[in-house]
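Descriptive analysis of the structure
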Amino acid sequence: MKYTVITGASSGIGYESAIAFASRGKNLIIAARRTEELEELKSKVAEINSSLDVIIRTVDLSVPANVYEFYESLRNYQIETWINNAGFGNYASVGEQNLNKIETMLHLNIEALTILSSLYVRDYAEVEGTQIINISSRGGYTIVADAVTYCATKFYVSAFTEGLAQELSNKGAAMQAKVLAPAATETEFAKRSLDIDEFRYEGAVPKFHTAQEMAGFLLELYDSQKVVGIVDGETYEFELRDPIYPYVTRTRK
Ligand SMILES: NC(=O)c1ccc[n+]([C@@H]2O[C@H](COP(=O)([O-])OP(=O)(O)OC[C@H]3O[C@@H](n4cnc5c(N)ncnc54)[C@H](OP(=O)(O)O)[C@@H]3O)[C@@H](O)[C@H]2O)c1
């Protein structure tokens with residue numbers, strides 16, 4: 001049996017992506033800190049296709065030791081696709097940002113994603129049909145005012161994943177690496193970034209996608225041979241593209 005791993009599946013893009021992959025008949029390993037929401041997602045998947053296996057992992061991925069433990073706990077499963085989606089943002093100027101929140105953000109958005117990507121590539125790069133998809137942001141290609149540190153974490157995600165895609169392709173590896181770059185999407189993202197209890201996108205954000213639409217774009221990227229799936233910041237159209245960052249191959253003397 002093959003599985004699709006989705007981190008941050010308890011809400012938003014991760015939750016809807018789990019449903020989208022389940023609709024494709026994929027068994028799931030879903031991870032986040034909120035067990036109840038993951039259980040609810042598991043019941044919803046059972047309604048879509050009761051023959052699917054759904055494994056739940058409750059884990060705080062901002063703690064590096066948990067990240068290794070989480071990966072090790074999946075040794076007995078054959079993982080076809082790995083989606084690093086868990087992440088969050090922050091709105092504040094650099095001099096005014098809450099450093100406890102920022103440290104957690106760096107651990108989750110950068111460190112956990114790098115460790116999980118590296119371990120998955122180490123074990124599966126030569127397995128036919130495997131993919132790693134990392135969730136960056138439009139802010140991983142454009143710096144957004146008052147979200148400089150968050151954008152820098154997503155520049156990292158984009159550069160790391162595009163570079164990984166180049167590396168795998170140059171080696172002729174079986175695995176494909178891809179990066180999804182959403183623009184504003186209606187999820188719990190805004191309220192977590194702003195540290196508020198409720199946020200309504202309608203009326204407050206001029207343009208946005210629903211999490212369901214974003215999960216559809218993720219499937220388009222999954223089905224394609226392209227490396228980057230990015231939302232145009234003006235038109236909000238979704239585009240599949242080749243790597244965007246410049247890349248040079250290293251020449252050894
Ligand atoms: N929404 C947007 O406008 C937008 C735009 C561009 C990119 N993105 C990116 O899309 C991804 C998904 O975000 P979203 O918009 O769907 O927001 P969301 O609804 O807040 O979902 C974030 C997910 O990450 C999980 N998570 C947060 N902290 C975690 C931790 N320490 N350990 C494990 N899981 C954790 C959350 O679950 P728990 O709280 O249960 O742990 C939740 O399932 C993020 O990487 C975000 O940066 C979002």
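This report concerns the structure included in the present document. (Residues numbered from 1 in each chain as written. Predicted model: local features only at pLDDT ≥ 70, side-chain atom pairs only at ≥ 80, totals over all residues. Heavy atoms only, no water.)

1. So, the sheet that holds strand E9 (residues 228–231)
What the 8 strands build is an open sheet, ordered E3-E2-E1-E4-E5-E6-E9-E10; its pairing is mixed. Each edge of the sheet is formed by a strand with only one pairing partner; in this case those strands are strand E3 (54–58) and strand E10 (238–241). For this sheet, the mean angle separating the axes of adjacent strands, direction not counted, is 20°. Pairing between strand E2 (residues 27–32) and E3: 5 bridges, direction parallel. Each residue of the ladder has a partner; that of isoleucine 29, found in E3, is isoleucine 55. Each of E2 and E3 touches helix H2 (residues 35–48); the most contacted strand, E3, lies at about 175° to it. (Pairing = 2+ DSSP bridges. Helix = DSSP H or I, 4+ residues; strand = E, 2+ residues; numbered from the N terminus. Axes fitted to C-alpha atoms, helices over the stretch in contact; angles between N-to-C directions. Contact = heavy atoms within 4.5 Å.)

2. Concerning the site of the ligand
In the neighbourhood of the ligand, 30 residues make up the surrounding shell, with Ser10, Arg33, Arg34, Tyr150 and Thr187 lying closest. In this structure, an oxygen atom belonging to the ligand sits 2.7 Å away from a side-chain N or O atom of arginine 33. Contact distances for the ligand include 2.9 Å between a nitrogen atom and a backbone N or O atom of leucine 61. In the complex, the protein chains occlude 98% of the 880 Å² of accessible area that the ligand would expose alone. Residues of the shell around the ligand, tallied by class, amount to 13 nonpolar, 11 polar and 6 charged. (Near = heavy atom within 4 Å. Polar contact = N/O pair within 3.5 Å; in protein donor to acceptor, adjacent residues only side chain to side chain. Areas by Shrake-Rupley, 256 points an atom, 1.4 Å probe, with all protein chains shown as cover. Nonpolar A, V, L, I, M, F, W, Y, C, P; charged D, E, K, R; others polar.)

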